[in-house]
Amino acid sequence: MDGKNTNQSCCHHKTTPRQEKELKQLKNRLNRMIGQLNGIGKMLDENRYCGDILTQVAAVESALQAFGYLVLKEHMETCVVEEIKKDHLEIVDEAVELIKKLK
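The rules behind the values
Residues numbered from 1 in each chain as written. Predicted model: local features only at pLDDT ≥ 70, side-chain atom pairs only at ≥ 80, totals over all residues. Heavy atoms only, no water. Helix = DSSP H or I, 4+ residues; strand = E, 2+ residues; numbered from the N terminus. Buried < 20%, exposed > 50% of the residue type's maximum accessible area, 1.4 Å probe, protein only. Contact = heavy atoms within 4.5 Å. Salt bridge = Lys/Arg side-chain N within 4 Å of Asp/Glu carboxyl O.

Engineer: Give a detailed account of the environment of His75, specifying residues and quantitative values.
Structural biologist: By secondary structure assignment, the location of His75 is in helix H2 (residues 50–85). Looking at His75, the relative accessible area reads 14%, which means it is buried. Each C-alpha atom of the pair His75 and Ala95 lies 8.4 Å from the other, and the pair is 20 residues apart in sequence. Residue contacts for His75: discarding those within four places in its chain leaves Val80, Glu94 and Leu98.

Here's what the structure looks like:
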């Protein structure tokens, strides 16, 4: 760790609530990934071929990254914009750190 509070954003709540349609889409994506992870567990139980398991792992990684980018986009369009309008420019540094985490 670099000494910074990396859990700082864990307790924040969005000022602007997510739209119902967007929330449903995010939850659907998340549930699909949970299903994929459960499928990988089943593949392990069935002693499936390593290459098949790795293909599924790659699919979950890709889906999770896409999910993260959707949440980041929403964050930039709502939370970051709102904080900049309040002249809280430190939000830019936070956004940059979040982008780095999603690499």
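Don't stop here, the text continues.
Engineer: Provide a residue-level description of the environment of Lys14, including the pertinent values.
Structural biologist: When you line up the elements, Lys14 lands in the segment before helix H1 (20–45). Spatially, the C-alpha atoms of Lys14 and Thr78 are 8.5 Å apart, while their sequence positions differ by 64 residues. Setting aside its immediate chain neighbours within four residues, Lys14 contacts Glu74, Thr78 and Cys79.

Engineer: Explain the pattern of salt bridges to me, using residue names and the numbers behind them.
Structural biologist: Summed over the entire model, instances satisfying the criterion amount to six salt bridges. For Arg48, the salt bridge goes to Glu46, with nearest N and O atoms at 3.5 Å. Take Glu46: its relative accessible area is 43%, and that puts it in the partly exposed class. With a closest N to O distance of 2.7 Å, Glu77 and Lys73 form a salt bridge. Remark: Lys73 and Glu77 occur in helix H2; sequence separation between them is four residues, near one turn of the helix. Given the relative accessible area of 48%, Glu77 is considered partly exposed.

Engineer: Mind laying out the side chain of Glu74, listing which residues take part and the relevant values?
Structural biologist: With respect to the helices and strands, Glu74 occurs in helix H2. Taking the relative accessible area as the measure of exposure, Glu74 reaches 6% and is therefore buried. When sequence neighbours within four positions are dropped, the list of residues in contact with Glu74 reads Lys14, Arg18, Glu22, Leu26 and Cys79.

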